[in-house]
Amino acid sequence: MNAPFGRRLCEVAANRDSGGYRVVSLLDHEGPEPEPGQFYMLAAEAGWGADGGRAFLPRAISVAATAPGARGGVRLDFLLDAVGPGTERLCGLGAGEGVWITGPLGNSFAAPAEVSPGAAGAVLVGGGVGVAPLALLRRRFGERGVPHRVLLGFRDRRHTGGLDLFCGSSGALCPEVRLATEDGHTGLQGRVTDLLLPILAGDDARSGVVYACGPPAMLEAVRALCAEHGVACELALESPMACGFGACFGCAVPKPGGGFLRLCVDGPVLRGDQVEEVSHAYA
Amino acid sequence: MPELCGIELEHPVINASGTYDAIAARAVFGDALLEDFPFAAFVSKTITPEPRAGNAPRRIWETPAGMLNSIGLPNKGLEGFLAEDLPRLAALPVPLIVSIMATSREDFARCVERVAARREVAAIELNVSCPNVHSGLIVGEDPAETEALLETLRPRTEKPLIVKLTPNVAGPAAVAAGAERGGADAVSLINTLKGTAVDPATGAPALGNGYGGLSGPAVRPVALEQVRSVRAATGLPIVGMGGIASGADAAEFLALGASVVAVGTESFRDPRAGSRVAAELESTLRLERVSEPVLDLD
Ligand SMILES: Cc1cc2nc3c(=O)[nH]c(=O)nc-3n(C[C@H](O)[C@H](O)[C@H](O)COP(=O)(O)OP(=O)(O)OC[C@H]3O[C@@H](n4cnc5c(N)ncnc54)[C@H](O)[C@@H]3O)c2cc1C
Ligand SMILES: Cc1cc2nc3c(=O)[nH]c(=O)nc-3n(C[C@H](O)[C@H](O)[C@H](O)COP(=O)(O)O)c2cc1C
Ligand code: FES
């Protein structure tokens, strides 16, 4: 489904705490339901660039959850980590404020059998604020009856958030979710790849597909481990984006064998074999 | 109705080269792009004789009220463009202008001939912000180089030749005059201003290429002054650009002598910025007409 042409003004329905992050909900009266992995370009209507002239460009943000809007349309939930002027402004949005959005943009995660013939199950691997698109993907897999496990990793307490997006109706974390934190404040003390490795080493690993989103070092570790174990994977990457719709050529990600992909239109979800090495240079 | 070198335009707003990929936008937004196309003419990204992959990341860096880019002109090359892109661009509901860059007069001439021969092409924009490999000079930084290039290209086509001036010179007016003497039909300005930034996280240049070009509202006063000085030096039509984000911005360029304006970076923030600028400009100009003195004292 195409994105509506142009940007449109949406209203902030809610802004709540989610551990170290924020969940900002917007009411979209025009757009279609986004697919897991897709993103929007967001810019606050007011106070965008007020402090020192930045943020100037809109910011790419993955959709983390959707619901029917209270007054029609669709409610879009975004999980945000304040790392600079743009995300700080978005994290500070109050209910009723306006946000310019363009989207849904980019491709989406594919079903296991589409990624690897014969694959039926899924392992979702998220790190930091990168857990956002996996929350929507987990919901989709749940609805479609795709067997899945979810492994989430965080640095420390301040950088742990979005867990409520992985809770069932009882409010408790879903049983298929496992946590790893580097400071050990919850879950396994260590990295999310420490949870992934035994799964990849299991006999039935190749009947599943790994879906990952997180910081570049984590994605690179996941990509390399999957390649080593012959397990197919899809990675949701980041790169600097000015436009999100293929206009600026800023979001280049090197292709194995030379040349570049435009991550906003060829991604953000790429198969492991479409990427040479996930690097900070473009992330 | 506004026009550029005899090409009739629905309104005076076109796109800046390299800031809108109509083929990608059609895939993202569907037919709505064609039904409500934001520009009165479409200017392609600059194409070169051979394919180019573009520069290593990082390619963009946000600045106060603007951005730096070092994209590096990724494109399919002349033949790839003619075979794959041109037929698809011909489906756009507006006239097509193809931007060309080459590093020798011979290569430029070959590109101009091949592109101009195509019926779908209304005009050619010459991106002269590149070195001539023979002289080592940046063509657009030197009036005589620019004049000589136009003298080579002028006999190759009847179609309008628009020279895209570089702002990275002491006197753009002298280069514009050289373009006019060589036989150009119009000039467009400004291209991006050379600039750089340091990534606070590494202490090293933020862009992979070390430096880039600045665009967006940050450059608008520079662009306006260059348009003013070029207007004073030539009679050629001017396509004015540099930081245009609203109809009021566009009106400033027209007031200083541009006949058409182009929107670049603002399209990244608003994919329909071209239509919005045109609509705002229309109402600005209508207001001005209304407020003109009603008494004619002559
Ligand atoms: C497809 C996609 C999906 C994403 N999804 C999410 C999401 O769901 N949630 C989320 O929180 N984030 C998400 N991001 C990341 C988010 O887009 C960035 O964190 C955001 O753009 C940062 O903007 P900022 O103004 O807050 O920070 P910036 O100040 O722009 O800093 C972020 C980085 O940008 C660089 N930078 C660029 N220009 C400057 C400058 N002038 N000065 C200093 N640094 C600069 C630096 O490398 C810095 O580390 C996503 C990104 C992509 C591409
Ligand atoms: C990402 C980007 C890519 C560009 N690519 C080209 C190009 O291929 N050819 C060209 O002549 N100008 C190119 N330009 C310059 C623009 O056409 C325009 O001259 C400049 O950006 C000033 O206008 P603006 O401030 O409205 O963007 C590019 C600018 C940007 C920001
Ligand atoms: S973000 Fe502009 S082309 Fe991808």
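Residues numbered from 1 in each chain as written. Chains lettered and ligands numbered in written order. Predicted model: local features only at pLDDT ≥ 70, side-chain atom pairs only at ≥ 80, totals over all residues. Heavy atoms only, no water.

### What to know about the overall build of chain A
- From N to C terminus, chain A includes six helices and 16 strands.
- For chain A, whose C-alpha radius of gyration is 18 Å, the value lies close to the compact-globule estimate of 19 Å for 283 residues.
- Along the three orthogonal principal directions, the C-alpha set of chain A runs to about 55 × 50 × 35 Å.
- Sorting the 283 residues of chain A into buried and exposed places 58% on the buried side.
- In chain A, 67% of the contacts between residues at least 6 apart in sequence involve partners at least 24 apart.
- For chain A, the accessible surface area stands at approximately 11,100 Å², while carbon and sulfur atoms represent 49% of it. (Helix = DSSP H or I, 4+ residues; strand = E, 2+ residues; numbered from the N terminus. Rg over C-alpha atoms; globule rule 2.2 N^0.38 Å. Buried < 20%, exposed > 50% of the residue type's maximum accessible area, 1.4 Å probe, protein only. Contact = heavy atoms within 4.5 Å. Areas by Shrake-Rupley, 256 points an atom, 1.4 Å probe, with all protein chains shown as cover.)

### Quick look at helix α5 (residues 216-229) of chain A
Residues and elements named next belong to chain A.
- For α5, which comprises 14 residues, the first-to-last C-alpha distance of 20 Å matches the rise-based estimate of 20 Å (1.5 Å per residue) to within 8%.
- Within α5, the full set of buried residues consists of Pro216, Met218, Leu219, Glu220, Val222, Arg223, Leu225 and Cys226.
- Where α5 is buried, its residues contact β8 (121-127), α4 (192-201), β12 (208-213) and β13 (233-236).
- Just downstream of α5, Gly230 is the residue with a positive phi angle, here 65°. (Expected span 1.5 Å × (residues − 1).)

### Focus: the pairing of strand β2 (residues 21-28) of chain A
Residues and elements named next belong to chain A.
- Here β2 lies mainly inside the structure; seven of its eight residues are buried.
- Sheet topology places strand β1 (residues 8-18) next to β2; seven bridges connect them, and they run antiparallel. By the bridge assignment for β2, Ala14 is matched with Ser25.
- Linking two consecutive strands that pair antiparallel, namely β1 and β2, is a turn of two residues; a positive phi of about 60° is found at Gly19 within it.
- Where β2 lies against strand β6 (residues 74-80), seven bridges are found, and the strand directions are antiparallel. Considered in β6, the bridge of Ser25 is made with Asp77. (Pairing = 2+ DSSP bridges.)

### Focus on the domain arrangement of chain A
Residue and element names in this part refer to chain A.
- On domain assignment, one finds that chain A holds domain 1 (8-105) and domain 2 (112-236).
- In this structure, domain 1 and domain 2 have C-alpha centres spaced 24 Å apart.
- Contacts between domain 1 and domain 2 engage 19 residues on the former and 18 residues on the latter.
- For the pairing of domain 1 and domain 2, the buried interface totals around 1,400 Å² over both sides, and the portion due to carbon and sulfur atoms is 59%.
- Three residues, Tyr21, Pro36 and Leu79, lead the burial of domain 1 against domain 2; their summed loss comes to 37% of the area buried on that side.
- Between domain 1 and domain 2 we count three salt bridges in total. (Domains from an automatic or database assignment. Buried area = accessible area lost by both parts, 1.4 Å probe. Salt bridge = Lys/Arg side-chain N within 4 Å of Asp/Glu carboxyl O.)

### Observations regarding the confidence of the model for chain B
- Mean pLDDT over chain B stands at 95; residues scoring 70 or higher make up 97%.
- Two numbers describe this predicted complex: its pTM, 0.96, and its ipTM, 0.96. (pLDDT = per-residue confidence, 0-100.)

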